[in-house]
Amino acid sequence: MSEQRESERKIFVQGDTITAEALPQHNVVGGVDKNEHESTGTAVDSDSNLDMGNFFPVKKSEACVRKTNGQCEQYPCTGEDGVPIQTTLGYAGRFVTRDANVKKQAMRRGGGDWASGCVISHKHKFAYIHILKSGGSATKEFLRRSLCGEDDPECKRADPSVLRPIACTQIAKQHPDYFTFSFVRSPFSRMYSMYSMMDGFPRDREAGGHVTDTVPFAKFVMTDPGKRSAFTFMSPTHYWAQTDFTFSKDSCPSFDFLGRVEQFDQDMRIILEHLNAKEMIDYLDSIGGRVVQVNSWGSNKKKSISGGLQAEYSSSEVRDRVVDTYKRDFDLLGYDWHAVPST
């Protein structure tokens, strides 16, 4: 990494600067920190008269976040004794407690139909934020089948309060008190998923074969997103950063929990248990505790790679382009830009 990129990753905490190297080393498996971190979370607005020199008591698997000078920021949490705990930062896999002012801030981007938008359940008082290329189709398919039944997978016969699509930005405006969640993944694997999906949306259908047979991964990555239309008619919305779907323009989280695609089944169960949604838990158990994958472009393509996903990232130029493009995702979600997942 260049010195400039290193300096851009500084995180400011109480006037001091903590660099990524000053934090404990990640125990990384597949690009995800597997350490059991003890961190707490409350998002507070600058108008809430909180003494910013104080920290909240530690609770497991939560994120500490506050809003000062018009921007939300995550900061190292502290223990019951008030002693700061040096822990890795990032929202993925953690609950976030947000105050009323923060909850009303909508994410920067988001759709509003069954295919690519968010969904809401008034019955269970939750909303799901669909991030393109981050397990969205699988999540919504699971939600529909668990709530509307296997015989009504589109929820056409179910009561409207059970599950319906909603414009994502309307969640914060109309239902700020609903439990809102989403799933994220390593930007490295997400980029490869984008690349693989081109095979389903070739620019020249008459040419036959797969787009990825003629367009190498490195070429796809290094091509400006606006010019990838030469290869595919896939919507460029798939290239948007995950944080565009989940954070406001002030970097305030638009969610209460972020699951990880790398631990999909485990984090889905955490969400359902938090909601105390027995019918959904029963459905998950009935299908073996595993959420069924829907779009399989990436997993199918990776089977043909000699050396796994890491082989596709053997070029430092390719790795750096992904880090530069999705720097905010790495920083806010907590994924290690040194670690390319093996799958």
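To be clear, the structure that these remarks concern was listed above.
Some remarks on the environment of S182
Phase 1 of the analysis: Along the polypeptide, S182 turns up in strand β10 (residues 179-184).
Phase 2 of the analysis: As a C-alpha pair, S182 and T246 span 64 residues in sequence and 8.0 Å in three-dimensional space.
Phase 3 of the analysis: Setting aside residues up to four positions removed in sequence, S182 forms contacts with Y128, I129, I131, T246, F257, L258 and G259.
Phase 4 of the analysis: Side-chain polar atoms of S182 contact the backbone oxygen of I129, separated by 2.7 Å.

Things to note about the side chain of T246
Phase 1 of the analysis: Take T246: it is sitting in helix α8 (residues 242-246).
Phase 2 of the analysis: Within the structure, the side chain of T246 is placed 2.9 Å from the backbone oxygen of Q242, a separation counted as a polar contact.
Phase 3 of the analysis: If sequence neighbours within four positions are ignored, T246 has contacts with M107, I129, I131, S182, C252, P253, S254, F255 and L258.

A closer look at helix α3 (residues 136-148)
Three- or four-residue spacings in an α-helix give side chains the same orientation, since the helix completes a turn every 3.6 residues.
Phase 1 of the analysis: Between its first and last C-alpha, α3 extends 18 Å over 13 residues, near the 18 Å set by a 1.5 Å rise per residue.
Phase 2 of the analysis: Within α3, 11 of the 13 residues are buried, leaving the element largely enclosed by the surrounding structure.
Phase 3 of the analysis: In this structure, the buried residues of α3 make contact with β7 (118-121), β8 (126-128), β10, α9 (264-275) and α10 (278-286).
Phase 4 of the analysis: Looking one or two places after α3, you find G149, whose phi comes out positive at around 100 degrees.

Digging into the sheet that holds β7
Phase 1 of the analysis: The strand order β9-β7-β8-β10-β11 describes an open sheet built from 5 strands, whose pairing is mixed. The open sheet has two edge strands with one neighbour each: β9 (164-166) and β11 (257-260). Within this sheet the neighbouring strands show an average axis-to-axis angle of 30 degrees, counted without direction.
Phase 2 of the analysis: Pairing analysis gives 3 bridges linking β7 to β9, with the strands arranged antiparallel. By the bridge assignment for β9, C118 is matched with I166.
Phase 3 of the analysis: Contacting β7, β8 and β10, α3 crosses the sheet at an angle of about 145 degrees to β8.
Phase 4 of the analysis: Along the sheet, α9 contacts β8, β10 and β11; its crossing angle with β10, the most-contacted strand, is approximately 180 degrees.

Description of the pairing of strand β6 (residues 71-74)
Phase 1 of the analysis: What you see with β6 is a clean split: C72 and Q74 sit on the buried side and Q71 and E73 on the side with no burial.
Phase 2 of the analysis: Examined bridge by bridge, strand β5 (residues 65-68) and β6 share 4 bridges and lie antiparallel to one another. Considered in β6, the bridge of K67 is made with C72.
Phase 3 of the analysis: Where β5 hands over to β6, the hairpin turn is made up of 2 residues, of which N69 adopts a positive phi near 55 degrees.

Thoughts on the nonpolar core
Side chains that are nonpolar tend, in soluble globular proteins, to be buried together.
Phase 1 of the analysis: Grouped together as the largest cluster of nonpolar side chains are 52 residues, with contacts concentrated most on Y91, M191, F220 and Y313.
Phase 2 of the analysis: Contributing elements (two or more residues each) for this core: β7, α4 (168-174), α5 (187-197), α7 (217-222), α13 (316-325) and α14 (327-333).
Phase 3 of the analysis: Examining the composition of this core, we find that 6 residues originate from one element, α5, more than from any other.
Phase 4 of the analysis: The residues contacting F220, other than those within four sequence positions of it, are M191, M194, Y195, M198, V215, R228 and Y239.

Some remarks on the pairing of β7
Phase 1 of the analysis: Judged by which residues are buried, β7 turns out to be covered on both faces: C118 and I120 on one side and V119 and S121 on the other are all buried.
Phase 2 of the analysis: Counted between consecutive antiparallel strands, the loop separating β7 from β8 contains 4 residues, among which K125 sits at a positive phi close to 55 degrees.

Remarks on the state of the cysteines
Phase 1 of the analysis: Under the defined criterion, the tally for this structure stands at 3 disulfides.
Phase 2 of the analysis: Across the disulfide, C148 is cross-linked to C155 (sulfur-sulfur distance 2.0 Å). Sign of the S-S torsion, about 100 degrees for the bond between C148 and C155, identifies this disulfide as right-handed.
Phase 3 of the analysis: You can call C148 buried: its relative accessible area is 12%.
Phase 4 of the analysis: Classification of C155 by relative accessible area gives buried; the value is 1%.

So, the pattern of salt bridges
Phase 1 of the analysis: By the definition in use, this model includes 15 salt bridges.
Phase 2 of the analysis: Residue E150 is joined to R145 by a salt bridge in which the shortest nitrogen-to-oxygen separation is 2.4 Å.
Phase 3 of the analysis: On the basis of relative accessible area, R145 is assigned to the partly exposed category, the value being 23%.
Phase 4 of the analysis: Where K327 meets D331, a salt bridge forms, and the shortest distance between an N and an O atom there is 2.9 Å. With a gap of 4 residues between them, K327 and D331 both fall in helix α14, about one helical turn apart.
Phase 5 of the analysis: Connected via shared salt-bridge partners are E141, R144, R145 and E150.

Conventions adopted
- Residues numbered from 1 in each chain as written.
- Predicted model: local features only at pLDDT ≥ 70, side-chain atom pairs only at ≥ 80, totals over all residues.
- Heavy atoms only, no water.
- Helix = DSSP H or I, 4+ residues; strand = E, 2+ residues; numbered from the N terminus.
- Contact = heavy atoms within 4.5 Å.
- Polar contact = N/O pair within 3.5 Å; in protein donor to acceptor, adjacent residues only side chain to side chain.
- Expected span 1.5 Å × (residues − 1).
- Buried < 20%, exposed > 50% of the residue type's maximum accessible area, 1.4 Å probe, protein only.
- Pairing = 2+ DSSP bridges.
- Axes fitted to C-alpha atoms, helices over the stretch in contact; angles between N-to-C directions.
- Core = buried A, V, L, I, M, F, W, Y, C linked by side-chain atoms within 4.5 Å.
- Disulfide = S-S within 2.5 Å.
- Salt bridge = Lys/Arg side-chain N within 4 Å of Asp/Glu carboxyl O.

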